[in-house]
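Overview (structure and organization)
One letter stands for each residue in the lines below.
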Amino acid sequence: MPDQPRAEVTVDLDHIRHNVALLSARAAGAETMAVVKADGYGHGAVPVARAALSAGATWLGVASVHEAAVLRAAGITAPILAWLDVPGAEAPPDVDLSVSSVEQLAGLSGRRIHLKIDTGLSRNGCPRSAWPELVAAAAASDNEVYAVWSHLACADEPGHPSVDRQAERFAEAYQVALDAGLKPRRHLANSAATLDRKDLHFDLVRVGIAMYGLNPLPYHEDLRPAMTFRSSVVLVKRIDAGESVSYGHTWTADRATNLALVPVGYADGVSRSLSGRFDVFLGGRRRPVRGRVCMDQIIVDCGDDEVLVGDEVVLFGTGDRGEPTAREWADIIGTIDYEIVTGMYRARVARRYLGESS
Ligand SMILES: *Cc1c(COP(=O)(O)O)cnc(C)c1O
């Protein structure tokens, strides 16, 4: 095996455990659902789920029923809620399903369900006008209504008026369920609301991004990013002043300089939109990547510093040593760190887990 990886994502499960412990302490009194949809936001659903459950989470949340089946196939027995799939998608019998309409309910029998009310996101969930009918139909069915739930639109903007408005509508929807003779539990909070709105924890909080160590809030929280993306130098060369770099010659050296070739590109998750706008951490400091990001490679400007074939290159990580973070990439290309880490699941990028045994 080579000393250095061509392209590797490491996921530190100790960081996942640290974050889950912090979040479940913050939500003391409520249970914690670890959201591991989209293969654990690109971190690997099964190892993340195991780490989260060992650190205080008691539930797992996924979108598709296939994602739930993968967790069950791995031998995970914790309760799972799957909240969005096509009609008729077959879920393992011991997986809870979310229901947003009478039509969805009609296909279900003998299941544990969570009725979802749309309190203002206008995405999934039952519109308020149809809610009494859905509640009545669920109460009359042979399914167990375990919870009433909803999802917030702007919890990552503390003080946003929509949060209180959604909370009021959630309270009204819950009352309708009580009036129908149901005694459901309640859950509403995502990561941001778990950290910022203690009053909205209810019986269960659903934490995703913060568990992976990425902070959705505009103020500091002691979260540790779990994912690091690294590669290594495969070729070093010196170019003269006036030479240009990479496709389209978008960058020209104004002095002689040492270039380091790093064998990762947009096929490995380095967005081409980062071209000309980002640094990597190499040889103890940040250095600019020059010219366009290619499918398989990028070129780092090392000035007069000597770098060697085999030197480690960190594309993004925790930021502790000054290396770029997933958040920084997101800010540069105009997206959110959720999309950066979730997009790191690539066949060609190796993956390694730290802290697996503890
Ligand atoms: C993805 C998701 C979450 C987790 O959101 P984060 O912002 O990552 O904490 C919670 N609930 C639902 C319904 C989701 O789709």
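No experiment lies behind these values; they were computed from the predicted model shown.

A count of helical and extended segments in the protein gives 10 helices and 19 strands. In terms of overall dimensions, the protein has a C-alpha envelope of 80 × 45 × 35 Å along the principal axes. The 358 residues of the protein split such that 53% are buried. Partitioning the intrachain contacts of the protein with sequence separation of at least 6 by distance along the chain shows that 66% fall at a separation of at least 24. When the accessible surface of the protein is totalled, it reaches about 15,600 Å², and 50% of it is carbon and sulfur. Between the mean site of the 37 positive side-chain charges and the mean site of the 46 negative ones, the protein shows a separation of 1 Å.

We now examine the UniProt feature "domain: Alanine racemase C-terminal" (unreviewed entry) in the protein. When the UniProt feature table is mapped onto this chain numbering, "domain: Alanine racemase C-terminal" (unreviewed entry) sits at residues 226-354. Between the end C-alpha atoms of residues 226-354 there is a gap of 9 Å, over a span that is 11% helix and 35% strand.

For the rest of this paragraph, the subject is the site of the ligand. In the region of the ligand, 15 residues are neighbours, and Lys-37, Tyr-41, Ser-191, Ile-209 and Tyr-338 sit closest. Between Trp-83 and the ligand, the recorded distance is 3.5 Å, taken from a side-chain N or O atom to an oxygen atom. A distance of 3.5 Å separates a nitrogen atom of the ligand from a polar side-chain atom of His-151. When the ligand is considered free in solution it has 390 Å² of accessible area, and contact with the protein chains removes 93% of it.

The subject of this paragraph is the pattern of salt bridges. Under the counting rule described, the total for this entry stands at 22 salt bridges. With a closest N to O distance of 2.8 Å, Glu-312 and Arg-230 form a salt bridge. Of the two residues, Glu-312 sits in strand β18 (residues 312-316) while Arg-230 sits in strand β10 (residues 227-232), which places them 82 residues apart along the sequence. One salt bridge in this structure joins Arg-287 and Asp-305, with 2.8 Å as the shortest N-O distance. Linking Arg-287 in strand β16 (residues 285-290) with Asp-305 in the loop between β17 (298-301) and β18, this pair joins segments that are 18 residues apart in sequence. Connected through shared salt-bridge partners, Glu-8, Arg-230, Glu-312, Arg-321 and Arg-352 make up one network.

So, on to the packing of helix α6 (residues 131-140) against helix α7 (residues 161-179). With their axes 9 Å apart at the nearest point, α6 and α7 run at an angle of 35° to one another. You can see that α6 and α7 cross each other, and the crossing is right-handed. Touching Trp-131, Pro-132 and Val-135 of α6 are Ala-173, Val-176 and Ala-177, all from α7. When its residues are assigned to classes, the contact of α6 with α7 shows six nonpolar, no polar and no charged.

Right, let's get into the sheet that holds strand β1 (residues 7-12). Overall, mixed pairing links the nine strands, which are arranged β11-β14-β17-β16-β15-β18-β10-β1-β19 in an open sheet. The sheet is open, and its two borders are formed by β11 (235-239) and β19 (350-354), each paired with just one other strand. Strand after strand, the sheet turns through a mean of 35° between neighbouring axes, direction not considered. Two strands pair when backbone bridges link them, and β10 and β18 are joined in this way by four bridges, in the antiparallel orientation. Bridge pairing in β18 links Arg-230 to Val-314. Across the sheet, helix α1 (residues 13-26) lies against β1 and β19, angled at about 40° from β1, the strand it touches most.

So, on to the domain arrangement of the protein. Split by domain assignment, the protein resolves into domain 1 (13-211) and domain 2 (227-324). Relative placement of domain 1 and domain 2: their C-alpha centres are 42 Å apart.

Below, the discussion takes up the environment of Ser-244. Here Ser-244 shows up in strand β12 (residues 244-245). Sequence-wise, Ser-244 and Gly-291 are 47 residues apart; in three dimensions their C-alpha atoms are separated by 8.2 Å. Residues in contact with Ser-244, not counting those within four places in the same chain, are His-249, Trp-251 and Thr-252. Here Thr-252 takes part through its side chain, which lies 2.7 Å from a polar atom of the side chain of Ser-244.

Next up on the list: the environment of Leu-152. Tracing the backbone through its elements, the reader meets Leu-152 in the loop between β7 (144-149) and α7. For the pair Leu-152 and Ala-193, spaced 41 residues apart in sequence, the C-alpha to C-alpha distance is 8.3 Å. With residues near it in sequence (within four places) discarded, Leu-152 still touches Leu-121, Val-163, Gln-166, Leu-188, Asn-190, Ala-193 and Leu-200.

Criteria and thresholds
- Residues numbered from 1 in each chain as written.
- Predicted model: local features only at pLDDT ≥ 70, side-chain atom pairs only at ≥ 80, totals over all residues.
- Heavy atoms only, no water.
- Helix = DSSP H or I, 4+ residues; strand = E, 2+ residues; numbered from the N terminus.
- Buried < 20%, exposed > 50% of the residue type's maximum accessible area, 1.4 Å probe, protein only.
- Contact = heavy atoms within 4.5 Å.
- Areas by Shrake-Rupley, 256 points an atom, 1.4 Å probe, with all protein chains shown as cover.
- Lys, Arg positive; Asp, Glu negative; His and termini not counted.
- Charge placed at Lys NZ, Arg CZ, Asp CG, Glu CD.
- UniProt positions renumbered as here; feature names shortened; annotations may be inferred.
- Near = heavy atom within 4 Å.
- Polar contact = N/O pair within 3.5 Å; in protein donor to acceptor, adjacent residues only side chain to side chain.
- Salt bridge = Lys/Arg side-chain N within 4 Å of Asp/Glu carboxyl O.
- Axes fitted to C-alpha atoms, helices over the stretch in contact; angles between N-to-C directions.
- Left-handed = near helix turned anticlockwise from the far one by under 90°.
- Nonpolar A, V, L, I, M, F, W, Y, C, P; charged D, E, K, R; others polar.
- Pairing = 2+ DSSP bridges.
- Domains from an automatic or database assignment.

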